[in-house]
Amino acid sequence: MKYVINADDLGGYEAVNKPIIDLLKEKVISQSTIMVTFSEFYSEAKELVFQNNLQDSIGVHLSLTRGRPLTDPIKRTPFVSDKGYLYGKYLDSKIHYFYIKRKIRKAIEIELDAQMKKYISDGYTLMHFDSHGNIHAYPSLYKIFSRVAKRNGFLSTRLPYNVHTKNPLLNLLKSKVIKNFRSNFKTTALLTYSIKEAIATKPTDVFELMTHPGSNEPNETENIRLIRKELGMPVSFKNL
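What you see as residue numbers is a count from 1 along each chain, following the sequence as written. In keeping with the model being predicted, local features are shown solely for residues with a pLDDT of at least 70 and side-chain atom pairs are shown and tallied solely at 80 or more, while totals for entire chains, interfaces and linings include all residues. Only hydrogens and water are set aside; all other atoms, that is, all heavy atoms of the structure, feed into the side-chain values.

Things to note about the overall build of the protein
Next, step 1: What the protein contains, in helices and strands, is 8 helices and 7 strands.
Next, step 2: For 240 residues, the compact-globule estimate of 2.2 N^0.38 gives 18 Å, and the protein sits close to it at 17 Å.
Next, step 3: Principal-axis analysis of the C-alpha atoms gives the protein an extent of 50 × 45 × 35 Å.
Next, step 4: Each residue gets one of three labels from its accessible area relative to the maximum for its type: buried under 20%, exposed over 50%, partly exposed in between, using a 1.4 Å probe on protein chains only. Out of the 240 residues belonging to the protein, those deemed buried represent 51%.
Next, step 5: Across the protein, contacts joining residues at least 24 apart in sequence account for 73% of those joining residues at least 6 apart.
Next, step 6: All accessible-area figures derive from a Shrake-Rupley calculation using a 1.4 Å probe, and residue coverage is judged against the displayed protein chains alone. Element-wise, carbon and sulfur atoms account for 52% of the exposed surface of the protein, whose accessible area totals about 11700 Å².
Next, step 7: Here the protein carries 36 positive and 24 negative side-chain charges, and the mean point of each set is 9 Å from the other. A run of H or I in DSSP counts as a helix once it spans at least four residues, and a run of E counts as a strand once it spans at least two, with each numbered from the N terminus. Computation of the radius of gyration draws on C-alpha atoms, with the globule rule given as 2.2 Å multiplied by the number of residues to the power 0.38. By definition, residues are in contact when any of their heavy atoms lie within 4.5 Å. The positive count covers Lys and Arg only, the negative count covers Asp and Glu only, and His and the chain ends enter neither. Taken as the charge location is NZ of Lys, CZ of Arg, CG of Asp or CD of Glu.

Focus: the sheet that holds strand S3 (residues 58–62)
By definition, the strands of a sheet pair up through backbone hydrogen bonds, in either a parallel or an antiparallel sense.
Next, step 1: Pairs of strands are assigned from DSSP output, requiring at least two bridges between the strands. Here we have 7 strands laid out as an open sheet, ordered S5-S4-S3-S2-S1-S7-S6, and parallel in their pairing. Because the sheet does not close on itself, it has two edges, and the strands there are strand S5 (156–157) and strand S6 (190–192).
Next, step 2: Pairing of strand S1 (residues 3–10) with strand S2 (residues 31–34), which is carried by 3 bridges, proceeds in the parallel orientation. Bridging from a neighbouring strand, Ala-7 pairs with Ser-32 of S2.
Next, step 3: Of the strands in this sheet, S2, S3 and strand S4 (128–131) are in contact with helix H4 (residues 102–121), which crosses S3 at around 160°. Inter-axis angles, ranging from 0 to 180 degrees, are taken between N-to-C directions of lines fitted to C-alpha atoms, where helices are fitted over the stretch in contact.

What to know about the pattern of salt bridges
Next, step 1: The rule for a salt bridge is simple: a side-chain nitrogen of Lys or Arg has to be within 4 Å of a carboxyl oxygen of Asp or Glu. Considering all chains together, one arrives at 13 salt bridges under this definition.
Next, step 2: For Lys-46, the salt bridge identified is with Asp-122, shortest N-O distance 3.6 Å. Highlighted residues: Lys-46 in helix H2 (residues 39–51) and Asp-122 in the loop between H4 and S4, separated in sequence by 76 residues.
Next, step 3: Through salt bridges that share partners, Glu-109, Asp-113, Lys-117, Arg-147 and Arg-151 make up one connected network.

Quick word on unusual backbone geometry
Next, step 1: Look at Asp-9: it is not a glycine, yet its phi comes out positive at around 75°.
Next, step 2: Mapped onto the fold, Asp-9 is located in strand S1.
Next, step 3: We classify Asp-9 as buried; its relative accessible area is 7%.

Some remarks on helix H6 (residues 168–184)
Next, step 1: Across its 17 residues, H6 extends 25 Å between first and last C-alpha, which sits within 8% of the 24 Å expected from 1.5 Å per residue.
Next, step 2: Those residues of H6 that fall on the buried side of the exposure criterion are Leu-170, Leu-173, Lys-174, Val-177, Ile-178, Asn-180 and Phe-181. Seen end-on, H6 carries its buried residues on one side only, within an arc spanning 160°. The outward face of H6, more than 90 degrees from its buried face, is lined by the exposed residues Pro-168, Leu-169, Lys-179 and Ser-183.
Next, step 3: Where the residues of H6 are buried, they touch helix H3 (94–98), helix H5 (142–151) and S5. Under the convention used throughout, the expected extent of a helix is 1.5 Å for every residue step, that is, one less than its residue count. Here the arc refers to the directions that run from the helix axis out to each C-beta atom.

Some remarks on the packing of aromatic side chains
Next, step 1: Planes of paired rings set the category: under 30 degrees apart is stacked, over 60 is edge-to-face and the rest tilted, where pairs are Phe, Tyr or Trp rings (Trp by its six-membered ring) whose centres lie within 6.5 Å. For the structure shown, the criterion picks out 10 aromatic pairs.
Next, step 2: Ring geometry for Tyr-3 against Phe-207: centres 5.3 Å apart, planes inclined by 20°, an arrangement best described as stacked. On the criterion of sequence distance, the pair formed by Tyr-3 in strand S1 and Phe-207 in strand S7 (residues 207–211) is long-range, its members being 204 residues apart. Phe-207 matches Tyr-3 in its accessibility class, with the two residues each being buried.
Next, step 3: Taking the centre distance of 6.0 Å and the plane angle of 25° together, the rings of Phe-38 and Phe-41 count as stacked.
Next, step 4: By relative accessible area, Phe-38 is classed as buried at 9%.

With respect to the packing of helix H1 (residues 17–25) against H2
Next, step 1: Packing of H1 against H2 leaves a shortest axis separation of 10 Å and a crossing angle of 20°. As judged from the angle between their axes, H1 and H2 are roughly parallel. At the point where H1 passes H2, the crossing takes the right-handed sense. Here H1 contributes Asn-17, Lys-18 and Ile-21 to the contact with H2, which in turn contributes Phe-41, Glu-44, Ala-45, Leu-48 and Val-49.
Next, step 2: Gly counts as polar in this scheme, as do all residues outside two lists: the nonpolar Ala, Val, Leu, Ile, Met, Phe, Trp, Tyr, Cys and Pro, and the charged Asp, Glu, Lys and Arg. Residues belonging to the contact of H1 with H2 are distributed by class as follows: 5 nonpolar, 1 polar and 2 charged. Just so you know how the angles are binned, under 35 degrees is roughly parallel, over 145 roughly antiparallel, 65 to 115 roughly perpendicular, and the rest oblique. Note on convention: near helix rotated counterclockwise from far helix by under a right angle means a left-handed crossing. Clockwise means right-handed.

Such coordinate-based values are descriptive only and should not be taken to indicate function.
Here it is, written out as structure tokens:
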């Protein structure tokens, strides 16, 4: 069985940097994705990554909802608060899950391009991307993420949550997202954040387990160790 264990949010919170690096060093998880929008936490995470020669195991965790933006145009959109922080209130609207105005989309593209270029210029080599809140798979946003990632040479990405729903229209939209991602990037057959679902996955299914070591989730690290023991060595997206 091939499967990926990715630790989200490296560089995004003070509490997560060391736990994620420790699990990478122990090969309990196979990769992590780093947020470049938090200068104070990001600097520490970057130092730990390169001290331990882990740059080939780090993708980028793109953010439009947390941290400080890297570019000016996004600051003139509803994605940035009065205090200058990226925040997710705009995307709480069901309308914006499906549709975003052209002017705002352009600002988003400029911001994502800057985050990807910072990741590349800082020396990480996995060339994998996902996003905070999985917004790269939103029907209103996936084409922007895909286009910018392709232009910058990224090789793999994460699927949407809950590929199959009870809503036929949503299933149709998600199928378009999945088709786009699979046409342009390496990805898996399934994304899950459930340990139980991961363990129950068929041996022929290639899946990604999304995890958050160091978070407030009780027993998160212990559960990650459990699945590693149960299913064997995970791989990174570059080895799919």
